[in-house]
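Each chain is listed here by its residues.
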Amino acid sequence: QVQLVESGGGLVQAGGSLRLSCAASGNIFTTMGWYRQAPGEQRELVATISTIRGVTNYADSVKGRFTISKDNAKNTVYLQMDSLKPEDTAVYYCNAAGPWGGPYWGQGTQVTVSS
């Protein structure tokens, strides 16, 4: 059974930082990433990383502020979010996919940035 367990969301002032974690289990994943969904908006890609080569991809809106990384030994992916803006407020979802299934989604973690 695939499980993606997210943690690290919360409330922060603009300009602050948060780090999200996603621990994955139950399958082999070749790509993991983060998406977000603000109220009334569609879910959008934030960042992805390939688990083998570590190739990363970022949405233009977060380039230079967010960093995605992985710990293969722990099957965990992280999202370091710096210089947060109110428009980063959303529910952040972990995503994972691999050759034997996916995409899979976590339950979501709320990130709120106050101005």
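For the structure given in this document, a descriptive report is provided here. Computed from a prediction, not measured in an experiment: that's the story for all the values here. Residue numbers restart at each chain and count upward from 1, following the sequence in its written direction. It should be noted that, the model being predicted, local features are given only for residues of pLDDT at least 70 and side-chain atom pairs only at 80 or more, the latter also being counted only at that level, while totals for whole chains, interfaces and linings use all residues. Side-chain numbers here rest on the full set of heavy atoms in the structure, without hydrogens or water.

## Things to note about the packing of aromatic side chains
Ring geometry is summarised as follows: Phe, Tyr and Trp rings, the Trp one being its six-membered ring, pair when their centres sit within 6.5 Å, and such pairs are stacked at plane angles under 30 degrees, edge-to-face over 60 and tilted between the two. Across all of its chains, the model carries two aromatic pairs by this definition. Here the aromatic rings of Phe 29 and Tyr 104 are separated by 6.0 Å at their centres, their planes lie at 80°, and the arrangement is edge-to-face. Within this pair, whereas Phe 29 is found in the loop between strand E3 (18–25) and strand E4 (31–37), its partner Tyr 104 is found in strand E10 (residues 101–105), the two being separated by 75 residues in sequence. Measuring from ring centre to ring centre gives 5.1 Å for Tyr 35 and Trp 105, while their planes differ by 75°; the resulting arrangement is edge-to-face. Of this pair, Tyr 35 sits in strand E4 while Trp 105 sits in strand E10, and the two are 70 residues apart along the sequence. Burial classes follow relative accessibility: with a 1.4 Å probe on protein chains only, a residue under 20% of its type's maximum area counts as buried, one over 50% as exposed, and anything between as partly exposed. Note on Trp 105: relative accessible area 37%, which makes it partly exposed. Helix and strand definitions here come from DSSP, where helices need a minimum of 4 consecutive H or I residues and strands a minimum of 2 consecutive E residues; each element is numbered from the N-terminal end.

## Some remarks on the pattern of salt bridges
By salt bridge we mean one thing: a side-chain nitrogen of Lys or Arg within 4 Å of a carboxyl oxygen of Asp or Glu. Enumeration over the complete set of coordinates arrives at four salt bridges. Residues Glu 44 and Arg 36 are paired through a salt bridge, measuring 2.7 Å at the closest nitrogen-oxygen approach. For Glu 44, a relative accessible area of 36% corresponds to the partly exposed category. Classification of Arg 36 as buried rests on a relative accessible area of 6%. Between Asp 60 and Lys 63 there is a salt bridge, with its nearest N and O atoms 3.1 Å apart. Several salt bridges converge on common partners, so that one network encompasses Arg 36, Glu 44, Arg 65 and Asp 88.

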